[in-house]
Amino acid sequence: FKHKFGKHVLLPTGVLNNSSQEGIKQGMVELYALARTKRILGSYYSSFSEIASSLASVELQIIMK
């Protein structure tokens, strides 16, 4: 994705788990970044996608197999 879309792709940095304070902070940064998009393509039963969508009234499209 990064090669094809360049600066339009944001990749997480730092701690990537939710078992530390730093990891939780990083998750919140990602949640608010997702909420600033025009549309969210979420996976089935993803509370992360649902919360991000609700934060800024962003369209949420659930992708199923």
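Before reading further, recall that the structure is shown in the block above.
Note on numbering: residues in each chain are counted from 1, in written sequence order. Two thresholds apply to this predicted model, a pLDDT of at least 70 for residue-level local features and 80 or more for giving and counting side-chain atom pairs, whereas whole-chain, interface and lining totals are computed over all residues. Side-chain descriptors were evaluated using all non-hydrogen atoms of the structure, hydrogens and water having been removed beforehand.

Let's shift gears to the overall build of the protein chain. A count of helical and extended segments in the protein chain gives three helices and two strands. Think of it this way: any DSSP run of H or I at least four residues long counts as a helix, any run of E at least two long counts as a strand, and we number them from the N terminus. When the helices and strands of the protein chain are placed in sequence order, the string is α-α-β-α-β. Residues classed as buried in the protein chain amount to 18% of the 65 residues present. The criterion used for residue contact is that any of the two residues' heavy atoms lie within 4.5 Å. Considering only contacts within the protein chain whose residues lie at least 6 apart along the sequence, 2% involve residues at least 24 apart. When the accessible area of the protein chain is evaluated, it comes to approximately 5,700 Å², of which 58% is carbon and sulfur surface. Counting 8 positive and 4 negative side-chain charges, the protein chain places the centres of these two groups 11 Å from one another. For every residue, the accessible area (1.4 Å probe, protein chains only) is compared with the maximum for its type, and the residue is labelled buried under 20%, exposed over 50%, or partly exposed between those bounds. Note on areas: Shrake-Rupley, 1.4 Å probe, and residue coverage restricted to the protein chains presented here. None of His or the chain ends enter the tally, which takes Lys and Arg as positive and Asp and Glu as negative. Here the site of a charge means atom NZ of a Lys, CZ of an Arg, CG of an Asp or CD of a Glu.

Position of glutamine 26 relative to the elements: it lies in helix α2 (residues 21–35). By relative accessible area, glutamine 26 is classed as buried at 14%. Leaving out residues up to four positions away in the same chain, glutamine 26 has contacts with Pro12, Thr13, Val15 and Leu16.

Attention shifts here to the environment of serine 57. Of note, serine 57 is situated in the loop between α3 (47–56) and β2 (59–63). Since its relative accessible area comes to 70%, serine 57 is described here as exposed. Residues serine 57 and arginine 39 lie 18 residues apart in sequence; the distance between their C-alpha atoms is 9.5 Å.

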